[in-house]
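Chain by chain, the residues run as shown.
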Amino acid sequence: MVVQKKLRAILTDEGVLIKSQSHHMFNKHGQLRSGDSLSLLSCLSCLDDGTLSSDGGSFDEDDSLELLPLNTTIPFNRILNAKYVNVGQKGFNNGKISSNPFQTENLSSSSENDDVENHSLSNDKAPVSESQSFPKKDKWDTKTNTVKVSPDDSQDNSPSLGIKDNQQLIELTFAVPKGHDVIPQKLTLLIDHVSRKSRANTGEENISSGTVEEILEKSYENSKRNRSILVIINPHGGKGTAKNLFLTKARPILVESGCKIEIAYTKYARHAIDIAKDLDISKYDTIACASGDGIPYEVINGLYRRPDRVDAFNKLAVTQLPCGSGNAMSISCHWTNNPSYAALCLVKSIETRIDLMCCSQPSYMNEWPRLSFLSQTYGVIAESDINTEFIRWMGPVRFNLGVAFNIIQGKKYPCEVFVKYAAKSKKELKVHFLENKDKNKGCLTFEPNPSPNSSPDLLSKNNINNSTKDELSPNFLNEDNFKLKYPMTEPVPRDWEKMDSELTDNLTIFYTGKMPYIAKDTKFFPAALPADGTIDLVITDARIPVTRMTPILLSLDKGSHVLEPEVIHSKILAYKIIPKVESGLFSVDGEKFPLEPLQVEIMPMLCKTLLRNGRYIDTEFESM
Ligand SMILES: Nc1ncnc2c1ncn2[C@@H]1O[C@H](COP(=O)(O)OP(=O)(O)OP(=O)(O)O)[C@@H](O)[C@H]1O
């Protein structure tokens, strides 16, 4: 009789550390034995290096394959799920313990949808000769792809299974990089663990009650477990790839993390507004838009039009799984443009409130003002964003070409601009940024009935647990938070400044925004903060020679354009822009808006969203 060898592990502060039998994964030089095995474990090594560290290590979606140290930690921030394995249960090798960390897991088996890709690692074969890598008595079983060891293995203290009193057999599901994506992987481990928490709560002998719970608690330290998600898919998003991207890349991570998912497909333009207006808010805690930036814009505006909008904005977090052509929300909030990594971020993120901007124009302000989460623009960029729709097949390049073309032509977009400043000069802006950059890092603090002007100090670091959050969150916003401070029907307030008409008569770019990235590789607002109560304003004018404008445009990827002396960069609370051109448009969150006076004001912390580590992607503005 052979018993398949088990992997033993212990809990550490960082994760689950695989201890013994690891020699089976390596050859005599300590190198991993197979291609895919290599990728699985080397990825763990990278993770151990903190690529998804809770303090904000950067993702490396192309994790390099490195050699591993013998002891590998599966970090908590990659653990999606954990459960006790009932030895002898069906599928558990008839009571034999599987040791193969590369065992395939058919994710589609848990799927109702046949479109789900089978992320099988089944091409993992034993690549080296047995004599090279295994102790003589242990054999690689090419049929089951597992190591078989003789039952007299020294680790095996139990007569049949080798499970000691302080050990638990636990199936871990965790995210591992594969190619450009991250996929769920399962591994059954014999975990030696005496949880400190279990000891304190339930007595030292009752170890079993705490191990899985402790793993899950640490794995979801600042985040909500088992989210109930309404996924809204724009089947036309991302040039028609959105559905497939969601089902193959994001869904497996969400399902394996224990999220409850319902899917709604948009059937017509602006359908997501109606979906958000009519949905049963008691059923979900999260709306995930598997789309570009158009659908989150629509969802936010649909929720805004509900009679119970206060409850809706208190209950629901709106997030994006980047499946469209413009995914600024995901890049800024999840720090990635990849749907599988964004799904991992979704389940691990910190639920945080972000500011929105409320837009009014004569043609719709009496019906519903529009909420904007991303940006408003007028001039060269608005024209290039919207008027290059007909060359959509070119992808994002079309946008850059449009901007360059209009700038070289020396096009101007005269207007009048009135601004209520928060930080006018670049020096003041830097001070504001430094003072506010860490204020909203962390979990929500649910102060009942804050005023609309409450400071972002409300957001303090993780000082409230999940259940308290749920109990208190319905009180967080009230109807006052939705009231406009500066209705457009009233004259421009006295403390707003009119911008120099020399500048505004020659304006080329007028761009206001709340998120650092407006598109992949375009860090237009490097000083944007989620809940600092201000809007970032960037302006250029046609008096800047093309020779100076070119380097400015070329530095948009780094965000250093805002440092150029010719570029105006301020933090503002509200503005009014009155176009003085015959034809043209505004672009609000990428949507076409009419060429009419536009008035915008900040709506502090109106929307719950999911931010990786509780903050936007690091733009390096601080060190610029
Ligand atoms: N079934 C549909 N038919 C037509 N239009 C739709 C449909 N579903 C959604 N839309 C519209 O598609 C637009 C773009 O959506 P989204 O942002 O998800 O896609 P995208 O690929 O990023 O496109 P864009 O480049 O315009 O941002 C939205 O204005 C939305 O109203």
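No experiment lies behind these values; they were computed from the predicted model shown.

(A) Region of the structure containing the packing of aromatic side chains. In this structure the tally under the stated criterion is 13 aromatic pairs. Judged by centre distance (6.4 Å) and plane angle (75 degrees), the rings of Y297 and F593 are edge-to-face. With Y297 in helix α8 (residues 294-304) and F593 in strand β23 (residues 591-593), this pair connects stretches of sequence that are 296 residues apart. In this structure Y297 comes out as buried when scored by relative accessible area, which is 3%. With a relative accessible area of 7%, F593 lands in the buried category.

(B) Expanded view of the domain arrangement of the protein. Assigned domains within the protein: domain 1 (1-21 + 70-85 + 165-194 + 209-221), domain 2 (224-348) and domain 3 (356-440 + 482-604). Tallying the contact residues gives 20 residues for domain 2 and 22 residues for domain 3. Regarding the contact of domain 2 and domain 3, the summed buried area is about 2000 Å², with carbon and sulfur atoms giving 69% of it. The largest share of the area that domain 2 buries against domain 3 comes from Y297, Y304 and R305, three residues that together contribute 33% of it. Between domain 2 and domain 3 we count one salt bridge in total. Two residues, E591 and R270, come together in a salt bridge whose shortest N-O distance is 3.4 Å. Summed over the shared surface of domain 2 and domain 3, the number is three residue pairs in polar contact (both at pLDDT 80 or more). Where the side of domain 2 that touches domain 3 is concerned, the elements lending two or more residues are α8, α9 (309-315) and α10 (328-333). If one sorts the elements of the side of domain 2 that touches domain 3 by residue count, α8 sits on top with six residues. Residues that form the side of domain 2 that touches domain 3 fall into these classes: ten nonpolar, five polar and five charged.

(C) Examining the environment of F593 more closely. Put simply, F593 and E213 are 380 residues apart on the chain and 50 Å apart in space, counted from C-alpha to C-alpha. Setting aside its immediate chain neighbours within four residues, F593 contacts Y297, Q361, Y364, R370, L585, F586 and V588.

(D) Expanded view of the pairing of strand β8 (residues 167-178). Counting buried positions over the twelve residues of β8 gives eleven, a clear majority of the element. Pairing of strand β5 (residues 79-84) with β8, which is carried by five bridges, proceeds in the antiparallel orientation. Bridging from a neighbouring strand, I79 pairs with F174 of β8. In terms of strand pairing, β8 meets strand β9 (residues 181-192) through twelve bridges, oriented antiparallel. In the strand pairing of β9, F174 is matched with Q185. Between β8 and β9, which pair antiparallel in sequence order, lie two residues; one of them, G179, sits at a positive phi of approximately 60 degrees.

(E) Spatial organisation of the confidence of the model for the protein. Per-residue confidence for the protein gives a mean pLDDT of 75; residues scoring 70 or more make up 66%. This stretch, residues 203-208, has a pLDDT under 50; its non-local contacts, to residues over four places away or in other chains, come to nine contacts. This prediction of the complex comes with two scores: 0.78 for pTM and 0.97 for ipTM.

(F) Local environment of helix α7 (residues 271-278). Every buried residue belonging to α7 is among H271, A272, I273, I275 and A276, and all of these are buried. Packed against the buried residues of α7 are β10 (228-233), β11 (260-265) and α8.

(G) A look at the site of the ligand. Taken together, 20 residues sit near the ligand, with G238, T266, G294, E298 and S325 positioned nearest. In this structure, an oxygen atom belonging to the ligand sits 3.4 Å away from a main-chain N or O atom of D293. Within the backbone of G294, an N or O atom sits 2.8 Å from an oxygen atom of the ligand. Protein burial of the ligand: of its 630 Å² of free accessible surface, 78% is covered by the chains. Among the elements of the structure, α5 (237-240) and α8 are those that each provide at least two residues to the shell around the ligand. The biggest single contributor to the shell around the ligand is α8, with three residues. The class makeup of the residues in the shell around the ligand is three nonpolar, eleven polar and six charged.

Conventions and cut-offs
- Residues numbered from 1 in each chain as written.
- Predicted model: local features only at pLDDT ≥ 70, side-chain atom pairs only at ≥ 80, totals over all residues.
- Heavy atoms only, no water.
- Phe/Tyr/Trp six-rings, centres within 6.5 Å; stacked < 30°, edge-to-face > 60°.
- Helix = DSSP H or I, 4+ residues; strand = E, 2+ residues; numbered from the N terminus.
- Buried < 20%, exposed > 50% of the residue type's maximum accessible area, 1.4 Å probe, protein only.
- Domains from an automatic or database assignment.
- Contact = heavy atoms within 4.5 Å.
- Buried area = accessible area lost by both parts, 1.4 Å probe.
- Salt bridge = Lys/Arg side-chain N within 4 Å of Asp/Glu carboxyl O.
- Polar contact = N/O pair within 3.5 Å; in protein donor to acceptor, adjacent residues only side chain to side chain.
- Nonpolar A, V, L, I, M, F, W, Y, C, P; charged D, E, K, R; others polar.
- Pairing = 2+ DSSP bridges.
- pLDDT = per-residue confidence, 0-100.
- Near = heavy atom within 4 Å.
- Areas by Shrake-Rupley, 256 points an atom, 1.4 Å probe, with all protein chains shown as cover.

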